[in-house]
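The residues making up each chain are set out below.
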Amino acid sequence: MKKYEPSFIEQKWQKLWEEKKIFEVKTDPKLSKYYVLVMFPYPSGKIHMGHVRNYTLGDILARVKKMRGYNVLHPMGWDAFGLPAENAALKHGVHPAKWTYSNIEYMKNQLKRLGFSYDWSREFATCDPEYYKHEQRFFIEMYERGLAYRKKTLVNWCPSCATVLADEQVEDGGCWRCGTEVTLKEMEGWFLKITAYAEELLEGLDKLSGHWPEKVILMQKNWIGKSEGAEIKFYLPEIEENLIVYTTRPDTLYGATFVCLSPEHPIAKRIAEKKGLTDNLEKFIERVRKERKEIEAGMAEKEGLFLGSYALHPLTGEKLPLFVANFVLMEYGTGAIMCVPAHDQRDFEFAKKYQLPIKVVIKPKNKDLRVEEMTEAYEEPGIMVNSGAFSGLESLEGKIKIVNFLEEKDLGKRKITYKLRDWGISRQRYWGCPIPIIYCEKCGIVPEKLENLPVVLPLSAQIDSSGRSPLPYLSEFVNTVCPKCNFPAKRETDTFDTFFESSWYFARFACPNYPEPFNLEDIKYWLPVDQYIGGIEHAILHLLYARFFTKVLRDLGYFDLDEPFVNLLTQGMVIKETYRCPVHGWIYPEEVSGEGTCLKNNCGEKILLGKPEKMSKSKCNIVDPDKMIEKYGADTVRLFIAFAAPPEKDLEWSDHGIEGAFRFLRRIYQLVNEYAESLKEIKYWPEDFKELPPHLLKIRRKLHQTIKKVSQDLEERLHFNTAIARIMEFLNFLQDSLKEISLEELISKKVLKEALEKMLLILSPICPHLAEELWESLGNKNFISLESFPKWEEALIEEETFILVVQVNGKVRDQIELSIELSKEEIIGIAKELPKIKKYIEGKNIKNVVFVPKKLVNFVVL
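Just so it is clear, the model here is predicted, and its values are computed rather than measured. Along every chain, residues carry numbers that run from 1 in the direction the sequence is written. In view of the model being predicted, local features appear only for residues whose pLDDT reaches at least 70, and side-chain atom pairs are presented and counted only at 80 or more, with totals across whole chains, interfaces and linings using the full set of residues. By convention in this description, side-chain values take in all heavy atoms of the structure and omit both hydrogens and water.

Participant: How do you make sense of the packing of helix α7 (residues 214–224) against helix α17 (residues 541–555) when you look at a structure like this?
Facilitator: Between two packed helices, both the angle of their axes relative to each other and the distance between the axes serve to describe the pair. Every axis in this analysis is a line fitted to C-alpha atoms, fitted for helices over the stretch in contact. Angles between the N-to-C directions lie between 0 and 180 degrees. Numbered from the N terminus, helices here are DSSP runs of H or I no shorter than four residues, and strands are runs of E no shorter than two. Orientation of α7 relative to α17, taken along the N-to-C sense of each, is 75°, at an axis distance of 11 Å. As judged from the angle between their axes, α7 and α17 are roughly perpendicular. Facing α7, whose interface residues are Val216, Gln220, Trp223 and Ile224, α17 presents Leu543, Leu544 and Arg547. For this classification, the nonpolar set comprises Ala, Val, Leu, Ile, Met, Phe, Trp, Tyr, Cys and Pro, the charged set comprises Asp, Glu, Lys and Arg, and every other residue, Gly included, is treated as polar. Classifying every residue of the contact of α7 with α17 gives five nonpolar, one polar and one charged. Our angle categories are set so that under 35 degrees counts as roughly parallel, over 145 as roughly antiparallel, 65 to 115 as roughly perpendicular, and the remainder as oblique. Any two residues whose heavy atoms approach within 4.5 Å at even a single point are treated as in contact.

Written out as structure tokens, the structure reads:
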């Protein structure tokens, strides 16, 4: 019997696919298109099992759609700029460009070795000037429209990476890349006005509901953070001007007993100067900056500094003490708030600490509140009290009427605010796209002329181990002439945030070699992306920026598109158990003895088996894809990755599992080869199967039922794991059925050939190399990858059924017709939900369930 040698088979078919260019596609309006895209990788070294999972899921779907007759765009490229590549290059002592392109070559070969159906003619790296010249153009056009601007502000600063981070790039107070604690620093930088699109970004999420994971939609809604409230004027006699505060609870206005400002608020600084409190304020500001992480997490103690001044209540004229407080941020609302301690827990704690008055103005419907008895704020809606003419109103109605009154008296106005901040895109690092701006002493800020693009990142620059950008010190880069007046000028030396590149790459794949940013015909045909696949960690960063960019490019006239991605799949992580030695820390599985002790340096300590965690070098639980491919073959790796867990769930790596996947493929290989020679010349047509003996009809029925279920699993539900389970089930069934078949009969050979070929067709998107090899061995001349996905015959789909009798305490209460395919658990579950049964068992203790297969369920209840 022929030995299954995946390495030989896989290299053979990968070479043929490449030679024949079978996955290259062109715009063709006569064909229905389908665009499958998996988030492209940073070329930081080697691909890991997380990559393998992402790209396997995308490839299975792309191959299924191709077999369904779609013109499938399935591209791959490289997110090549940014800190990941630069930091890795620094660590290895090489130039980022050399490191990046070397990794691209290596990782590309890894991806090819896995047999992914990419159209490599569309490949690009974002560090190529031919790519980034277009985004420099976008930036200039945004600048001219007022969507890009420069300002001095407090920014998130990572001291380790020596660069600014956007709010979205600060995770639990640390840098998203290296984990170093982020500090605040005042700097000049460039921003994109994403806030101008806040409402549209929010409204667009409703259209994505049902197509995107609800968790991602909720995360974006929370990040955008829309709130409806009012801006209210509080007069400051000290400086004779109004302070504008923002509140979402205007119904509690009469309960305001003090006012708090952000320490950074300009008015706070002016009053502090007037009161001789400047030093106190500066020390307070310094302390707040150091504790920013705890403050934003709501874990810091509420602290304030009384400014020795008062604000006048707009409706009562009462004098309210004016504080700066560590929990008021300049970036949110107006940087000033009215404080209502009876109805806001944060204000309640602050008032108790500083012995400030508390005044109840909202009460529950059936209860009065006494300040002296309150241990916490009452934050729910209720009935307004102690609120002048508004007393007695329900608080929701009161909100509207109070704002109406404030607007009539010019004391305030309705206001919608968003938590979303503008996107800071300046990075003080070398390995990025240069920002195409020039500073001229005569003309000020001047964008580079479009005809001079790209502003090329000088590859001659050398960076040292500090990571500081060499661009400010590179005279040949910095020194230039002003595009307006031709006088000497200086270039901007910051580079774009790497998310700038990934915010529009999906559109460039539609026309990667076009001299202009986009070819409208290609864009209209291919976009939007039909299925996007990537990790949920990109829910706020990349996915929000890509949606923003799409709307901006639409408004700049490049295309007519509102959303970039129709469907989104966020796959789970690949995790693996960990081993920890009390002496040596994390150790590799091969360093654990059969008795569960540490073998490292003959240690002998008992090993602690840790819970499965995300694969990482630091935890010593990495599985190298190259080694797995070498040992088992790419098809086995693909099969295991797709089978071990539903796509959206975490996948726990199992050595036994991948060995089982290999054995399954070897069984298919041996089965087909056993019969291939005798079936090579056999042809079959639908009319051949009109009248079949029961044992052959049974095979065809099971085959077509399998085809239908696999089709639905692969294409409609993206349940790749259950699709594989059904193929495995069919293989077992077929091998058992072969014991009843005489292959001396021509009709038996036809049924068997149909069964083997169609099994290979439904397996081919998952294990394409093996499917191609066995398809050829059965006498077929075409690539199986170019064949159509098999259709099922509806007449064969009708499932065998039985009548289930359902009893409660031995008495027949109902009966139902069910498929024999259902499991015991499914049958009992259906029986429980029957209305006639529910009324007898609901709320009662089910002591026992008697189950007789294909006949009866009896619920014994107390």
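Still to come is the rest of the account.
Participant: Before we go on, may I ask you to explain the sheet that holds strand β21 (residues 479–481) in this structure?
Facilitator: In sheet architecture, strand pairing relies on hydrogen bonds along the backbone and comes in two forms, parallel and antiparallel. Criterion used throughout: strands pair if DSSP finds at least two bridges between them. Overall, antiparallel pairing links the four strands, which are arranged β20-β19-β22-β21 in an open sheet. For this open sheet the edge positions go to β20 (444–447) and β21, each flanked by a neighbour on one side alone. Neighbour to neighbour, the strand axes of the sheet diverge by 45° on average, direction disregarded. Sheet topology note: the strand β19 (residues 437–440)/strand β22 (residues 488–491) ladder contains two bridges and is antiparallel. Directly across from isoleucine 438, in β22, lies its bridge partner arginine 491.

Participant: What exactly am I supposed to notice about the pattern of salt bridges here?
Facilitator: When the charged atoms of two side chains with opposite charge come close together, those side chains can pair. A carboxyl oxygen of Asp or Glu within 4 Å of a side-chain nitrogen of Lys or Arg is what we treat as a salt bridge. Counted by the stated rule, this structure contains 55 salt bridges. Taking the shortest distance from any N to any O, the salt bridge between glutamate 264 and arginine 289 comes out at 3.3 Å. Note that glutamate 264 is positioned in the loop between β10 (258–261) and α8 (266–275) and arginine 289 in helix α9 (residues 278–290), a separation of 25 residues in sequence. Residue burial is assigned from relative accessible area. The probe radius is 1.4 Å, only protein chains are included, and a residue is buried under 20% of its type maximum, exposed over 50%, and partly exposed in between. Owing to a relative accessible area of 23%, arginine 289 belongs among the partly exposed residues under this scheme.

Participant: Quick question: what am I supposed to make of the side chain of asparagine 621 here?
Facilitator: Locating asparagine 621 in the fold gives a position in the loop between β28 (608–614) and α18 (625–632). Among the polar contacts listed, one links the side chain of asparagine 621 to the backbone oxygen of lysine 576, at a separation of 3.1 Å. Any pair of nitrogen or oxygen atoms within 3.5 Å is treated as a polar contact; in protein, a donor-acceptor pairing is required on top of that, and neighbouring residues in sequence qualify only through side-chain atoms on both sides. Within the structure, the side chain of asparagine 621 is placed 2.9 Å from the backbone nitrogen of serine 616, a separation counted as a polar contact.

Participant: What am I meant to see in the environment of cysteine 175 here?
Facilitator: Within the element layout of this structure, cysteine 175 appears in strand β6 (residues 174–175). Classification of cysteine 175 as buried rests on a relative accessible area of 4%. Expressed as a C-alpha distance, the spacing of cysteine 175 and threonine 163, which sit 12 residues apart in the sequence, is 10 Å. Leave out the neighbours within four places in its chain, and cysteine 175 touches Cys158, Cys161, Leu165, Gln169, Thr180 and Val182.

Participant: Whenever I open this one, the side chain of glutamine 428 confuses me. Can you help?
Facilitator: Residue placement: glutamine 428 occurs in the loop between β18 (426–427) and β19. A polar side-chain atom of glutamine 428 sits 3.2 Å from a polar atom in the side chain of aspartate 494.

Participant: Just checking my understanding: could you explain a positive patch on the surface for this structure?
Facilitator: On the surface, Lys46, Lys91, Lys617 and Lys627 cluster together into a positively charged patch. The residue lysine 617 is located in the loop between β28 and α18 in this model. Every patch collects residues that have over 30% relative accessible area and no salt bridge, joining them within 9 Å if they carry like charges and within 5 Å if they are nonpolar side chains (Val, Leu, Ile, Met, Phe, Trp, Tyr). A 1.4 Å probe and the Shrake-Rupley method give the accessible areas. Residues count as covered only by the protein chains that appear here. The positive count covers Lys and Arg only, the negative count covers Asp and Glu only, and His and the chain ends enter neither. All charge positions are set by atom: Lys at NZ, Arg at CZ, Asp at CG, Glu at CD.

Participant: What am I meant to see in the pairing of β28 here?
Facilitator: Side-chain direction in a regular strand flips from residue to residue, so the side chains alternate between the two faces of the sheet. Of all seven residues that make up β28, zero are buried, and the element is exposed over most of its length. Sheet topology note: the strand β26 (residues 574–581)/β28 ladder contains five bridges and is antiparallel. Paired with arginine 580 across the two strands is leucine 608, which belongs to β28.

Participant: Hey, could you run me through the sheet that holds strand β4 (residues 163–165) in this one?
Facilitator: Sheet architecture is open: four strands sit in the order β4-β3-β7-β17, paired in antiparallel fashion. Of all the strands in the sheet, the pair left with one neighbour each is β4 and β17 (423–424). Sheet contacts for helix α5 (residues 129–144): β3 (148–158) and β7 (183–192); angle to β7, the most-contacted strand, approximately 90°.

Participant: Would you mind going over unusual backbone geometry with me for this structure?
Facilitator: Leaving glycine out, the prevailing phi sign among residues is negative, and the prevailing peptide bond configuration is trans. The linkage connecting leucine 453 with the following residue, proline 454, adopts the cis geometry, with an omega of 5°. Along the chain, the position of proline 454 falls in the loop between β20 and α13 (475–478). In the segment running from leucine 527 into proline 528, the intervening peptide bond is cis, with an omega of 5°. In this fold, proline 528 is placed in the loop between α16 (520–526) and β24 (529–535). Non-glycine residue glutamate 240 carries a positive phi angle of around 55°. On the secondary structure map, glutamate 240 appears in the loop between β8 (226–236) and β9 (241–247). Using a relative accessible area of 64% as the deciding quantity, one classes glutamate 240 as exposed. Here asparagine 602, not a glycine, exhibits a phi torsion of approximately 55°, which is positive.

Participant: Would you take a moment to explain the environment of glycine 432 for this structure?
Facilitator: Along the chain, glycine 432 turns up in the loop between β18 and β19. Put simply, glycine 432 and aspartate 172 are 260 residues apart on the chain and 25 Å apart in space, counted from C-alpha to C-alpha. Those residues in contact with glycine 432, other than ones at most four positions away along the chain, are Phe81, Leu457 and Thr495.

Participant: I'm lost on the environment of leucine 83 in this one. Help?
Facilitator: Relative to the elements of secondary structure, leucine 83 occurs in helix α3 (residues 83–92). Leucine 83 sits in the buried class, given a relative accessible area of 10%. Between the alpha carbons of leucine 83 and glycine 467 there is a distance of 9.8 Å; along the sequence they are 384 residues apart.

Participant: Please clarify how helix α25 (residues 824–833) should be interpreted in this entry.
Facilitator: Within an α-helix, residues lying three or four positions from one another point in the same direction, as the helix has 3.6 residues per turn. Among all positions in α25, only Ile827, Ile828 and Ala831 are buried. Looking straight down α25, one finds its buried side chains confined to an arc of 95°; they lie on one side. Where the residues of α25 are buried, they touch β30 (801–808), β31 (811–819), α26 (835–841), β32 (846–852) and β33 (856–861). This arc describes the spread of directions from the helix axis toward the C-beta atoms.

Participant: Looking at this structure, I do not really get helix α23 (residues 746–763). What am I missing?
Facilitator: Here, expected helix span is obtained from the residue count minus one, scaled by 1.5 Å. The first and last C-alpha atoms of α23 sit 26 Å apart over 18 residues, in line with the 26 Å expected at 1.5 Å per residue. A large share of α23 lies buried, amounting to 15 of its 18 residues.

Participant: Sorry if this is basic, but what is going on with the packing of aromatic side chains here?
Facilitator: Remark: the centre distance and the inter-plane angle together describe each pair of aromatic rings, the angle taken between the planes. Stacked, tilted and edge-to-face are the three classes assigned to paired rings of Phe, Tyr and Trp, where Trp is represented by its six-membered ring and a pair needs centres within 6.5 Å; plane angles under 30 degrees give stacked, over 60 edge-to-face, the rest tilted. Under the counting rule described, the total for this entry stands at 53 aromatic pairs. When the ring of phenylalanine 306 is compared with that of tyrosine 310, the centres are 5.7 Å apart and the planes differ by 70°; the resulting orientation is edge-to-face. Considering the side-chain rings of tryptophan 423 and tyrosine 545, the 3.7 Å spacing of their centres and the 5° angle between planes classify their relative orientation as stacked. Of this pair, tryptophan 423 sits in strand β17 while tyrosine 545 sits in helix α17; the two residues are 122 residues apart in sequence, bridging distant segments of the chain. On the accessibility criterion, tryptophan 423 (0% relative accessible area) is buried. Its guanidinium or amino end placed over the ring of tryptophan 17, arginine 63 lies 4.7 Å from that ring's centre, counting from NZ or CZ. As a reminder, the over-ring test applies to NZ of lysine and CZ of arginine, requiring each to be within 6 Å of the ring centre and within 35 degrees of the ring normal.

Participant: Quick question: what am I supposed to make of the packing of α8 against α9 here?
Facilitator: At a minimum axis separation of 8 Å, α8 and α9 run at an interaxial angle of 145°. Residue-level contacts link Ala268, Lys269, Ala272 and Glu273 of α8 to Thr278, Leu281 and Ile285 of α9. Its residues assigned to classes, the contact of α8 with α9 shows four nonpolar, one polar and two charged.

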